[in-house]
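An overview of the molecular structure
This is what each chain is made of:
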Amino acid sequence: MTAIKHALQRDIFTPNDERLLGIVNVCKAGKKKKNCFLCATVTTERPVQVKVVKVKKSDKGDFYKRQQTWELRDLTEVDAKDASKENPEFDLHFEKVYRWVASSTAEKNSFISCIWKLNQRYLRKKVEFVNVSSQLLEESVPSGESQSVAVGDEDALDDYQELSTREEQDIESMMEMCEYAISNAEAFAEQLSRELQVLDGANIQSIMASEKQVNILMQLLDEALGEVDTIEGKLSSYEEMLQSVKDQMDQISQSNRLIQISNTNNGKLLDEIQFLVNYMDLSKGHIRALQEGDLTSPKGIEACINASEALLQCMNVALRPGHDKLRAVTQQQLLFAELRDTFARRLTNHLNNVFVHQFNHFSHFKMTIPQFYRSSCLSLPGHDQSSTLSQHTAELTLPKHSPLHRDLLRYAKLMEWLKNTHKEKYEGLSRTYVDYMSRLYEREIKDFFEVAKIKMAGTSKEAKGKFGLHGSSGKLTGSTSSLNKLTVQGSNSRRSQSSSLLDMGNMSASDLDVADRTKFDKIFEQVLSELEPLCLAEQDFISKFFKLQQHPIIAPPLAQPETEELDVVTPSRLPPHHEHRQSLSSEKDVVRLMMNKIFQSIETELNSLIALGDKIDSFNSLYMLVKMSHHVWTAENVDPASYLSTTLGNVLVTVKRNFDKCISGQIRQMEEFKISKKSKVGILPFVTGFEEFAELAETIFRNAERRGDLDKAYVKLIRAVFMNVEKVANESQKTPRDVVMMENFHHIFSTLSRLKISCLDTERREAKQKYTDHLQFYVINSLGQPLEKLNHFFEGVEARVAQGIREEEVSYQLAFNKQELRKVIKEYPGKEVKKGLDNLYKKVDKHLCEEESLLQVVWHSMQDEFIRQYKHFEDLIGRCYPGSGITMEFTIQDMLEYFSSIAQSH
């Protein structure tokens, strides 16, 4: 290893001005062994650079080459794998991890020790050593072969120095002057010793010759020492003088510093006084406005707003440390608190009076039409209600509160001030406003909905009286509140005439239904159109007046929702000090809760109105679903979390439930439908009813948002229609099953093709298939075998052919010879065939209904089937009786004339 080290030093590192300090023979872990050397080196020039070099022996010769170099400062970690056991493996962590296996554990330990010492000296312990025994890092490397590859201590590293180029040249020139310098080293050494002695003697003589000059030099040094003493004395006197000056200057500096401190303190005091005067002084005008300002005039309100903002600014000023201990500051704070309480009390009393005045004003001019209706329409027994309603129609509108909002919004900034300064009074005003407005809106909304209900019910009665539908027209009795329990009397009343698919198909007053339902639709739309701006205007006012659109706050106690409206903790479960308070996440929730309290009757009244509309006509739920869906969609686009959006969404659930109930009722009535055993079936009422329902629904749901609900209802209804058509067909005794199926599915197919309902394309194709199949079945079953004996004869012929007899040999069979064939053919002359067809036409005409006009279609299909059988017989005669000249008693042209003449004669 020593020879390798010297060879590497000579060939690789000396030309690069580097010294080799440590070496280890390694190979890469986990791979085929290819030995190389890891060398620790330092540069000879400063600053010293420490490197780890990978050296590999060349494959083509006995020399070494440098393969890879790393800076030691890039080394982050040395992992010896195991500190307690001998293990030749170790890892060096540079930019990536290099795993090595040393040729021996001693070489590995020696190399790691060298790296540790270089780290200690040049890198200041930057490298981290893992799984290395502390003994290896503290003690010196053992003697032996490993000593040759280890690094000595730091002093040994510094003692070794190579000859410089100049020194090498001097030695070479000296050796050239002596011929035997190499051949006789001892003689050369003696010669050098003699020359050294001669030089030493010359040096001693030179020193002895210079004694006189040395004495002169000593004398000069003594004189210089005397001058130095003189100068030191003068410097001492100067130092004493400067010390006195220094003391005087220190006194002057101290005085100046005290003056400067005094000036600084005075400036700071002036700044504090100016700060307090500027930020804690309220003008007399503001004080007068807070104490006596007019809260009724615009000018007085503006003065109060300015004064309240100035007071709030003074109260919220950020006092510096120590200000609160000043008596003047304390007095000002007490004055501000008194002004705040005084003005808050004045403002609260004034706004309470404004609420009461406005409430009384609107209550006096509230809607009075329902009272008039109650007294003039519903309480007079035997009075013609429809004429009364037509004579005393009232505008279906809600009072506008914009004047009240406009008057109160003048105080919005003062409410914001009250909210920031007096939370309790602010919440008290909130409770007062909500209380008064909830009572006002409750009366107005109740009256408004009473008018709407009367108009709805009145429209229904007027329509009945005008068109004179079957049965009694029904009548309303009792007070207006009884409209919620509307009952229509009579077995043939309008409710039974217009609320089912069965009766839609039989109604003679479809024009009445369209007009009546259109009026209902307009009334319902007007109700929603009146409620929507009312709620939006009130919500906008609450947000602006109570300043509930900026930061999260505590909900006013009175604005808490009822437990059935929102899923919140009930007051009984809250702590005592939280009975009237609840923390909310945003002020939008506060607005919605206040709206819930103010308009707590809207949802109930809407549900009541919806129930009335559903009682008048269950198909009104289609109109209500479309209108309500549109208004919910509009409200959610404006604000998904608003009171209006939430309330209309809840009501929409009720409307959707009524719509589903309407569809379920139609299906149930189909299932309960019974046919007459004495009359033919024809087009079933619920099939015609589905057609009219689809036409009505397509008109209502055109461009509607809830089209998906209608499509689902379509699928349910059409499947029920299909199932119950088959059920009725199976139960029919008077009309053949195939006729019932054919006519009704033809009608369904025609309806779906005309309306082009995309979600029912599959059912349309199914209806067409069923119609076609049952038409074919009916034709085959009704036509039967008009040439029965001839048909039996040829069936026997086909049986013989199937048994293996050749077709041309069938005529030799005794039962199927030519004479038998002629005998059978003679039994079916043209006159008999026409007579049988005429009877068949009458039978078909008796089975089919006139509404669907399928008689000619069925008759044409029978003609085609008869011709098919005729051609089949002729074909068998031609194949089994060739050359016999036997033909039928009538031709295809004769048959066409029979069918045509029979159809024309009827």
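Anyway, here's the lowdown on the structure attached to this text. (Residues numbered from 1 in each chain as written. Predicted model: local features only at pLDDT ≥ 70, side-chain atom pairs only at ≥ 80, totals over all residues. Heavy atoms only, no water.)

Comments concerning the overall build of the chain
For the record, the criterion: Each helix corresponds to a stretch of at least 4 residues labelled H or I by DSSP, and each strand to a stretch of at least 2 residues labelled E; elements are numbered beginning at the N terminus. Think of it in three bands: with a 1.4 Å probe and only protein chains considered, a residue is buried below 20% of the maximum accessible area for its type, exposed above 50%, and partly exposed in between. Contact criterion: two residues are considered in contact whenever any of their non-hydrogen atoms come within 4.5 Å of each other. Here the Shrake-Rupley method, with its probe set to 1.4 Å, supplies the accessible areas, and only the displayed protein chains count as covering residues.
Each helix and strand counted, the chain has 32 helices and eight strands in total. Relative to its 906 residues, the chain shows a buried fraction of 43%. Within the chain, counting contacts between residues at least 6 apart in sequence, those at least 24 apart form 72% of the total. Counting every atom, the chain has about 50300 Å² of accessible surface; 51% of that belongs to carbon and sulfur.

Looking at the pattern of salt bridges
Heads up, the rule is: Only one rule defines a salt bridge in this text: a Lys or Arg side-chain nitrogen within 4 Å of an Asp or Glu carboxyl oxygen.
A complete count under the given rule lists 28 salt bridges for this structure. Measuring nitrogen to oxygen at the nearest pair gives 3.2 Å for the salt bridge that ties R10 to D11. Residue class for R10 comes out exposed when judged on its relative accessible area of 54%. Notably, a salt bridge pairs D250 with K246, separated by 3.3 Å at the nearest N-O pair. In this pair, D250 and K246 both sit in helix 8 (residues 211-279), four residues apart, roughly one turn of the helix.

Focus: a negative patch on the surface
Threshold: Residues enter a patch when their relative accessible area is above 30% and they make no salt bridge; the linking distance is 9 Å between like charges and 5 Å between nonpolar side chains (Val, Leu, Ile, Met, Phe, Trp, Tyr). Charged residues are defined narrowly, with Lys and Arg counted positive, Asp and Glu counted negative, and His plus the chain ends left uncounted. Working definition for charges: the position is that of NZ of Lys, CZ of Arg, CG of Asp or CD of Glu.
Judged by side-chain charge, E167, E168, E172 and E176 come together as a negatively charged surface patch. In this structure, E172 sits in helix 6 (residues 165-177).

Quick look at the nonpolar core
How we decide: By nonpolar core we mean a set of buried residues, namely Ala, Val, Leu, Ile, Met, Phe, Trp, Tyr and Cys, connected to one another through side-chain atoms within 4.5 Å.
Of all hydrophobic cores here, the largest spans 176 residues; its most connected members are I542, L790 and V858. Counting residues per element, this core draws most heavily on helix 16 (residues 423-467), which supplies 14 residues. Ignoring sequence-local partners within four residues, the contact set of L790 consists of L821, V824, I825, Y828, F873 and M888. Counting residues in hydrophobic clusters, the runner-up holds 30 residues, among them C36, L38, A80 and W100.

A closer look at the state of the cysteines
Filter applied, for reference: In what follows, a disulfide is any cysteine sulfur pair within 2.5 Å.
In the structure shown here, the tally under the stated rule is zero disulfides. With no disulfide of its own, C36 lies closest to C27 among cysteine sulfurs, the gap being 7.7 Å. Given the relative accessible area of 3%, C36 is considered buried.

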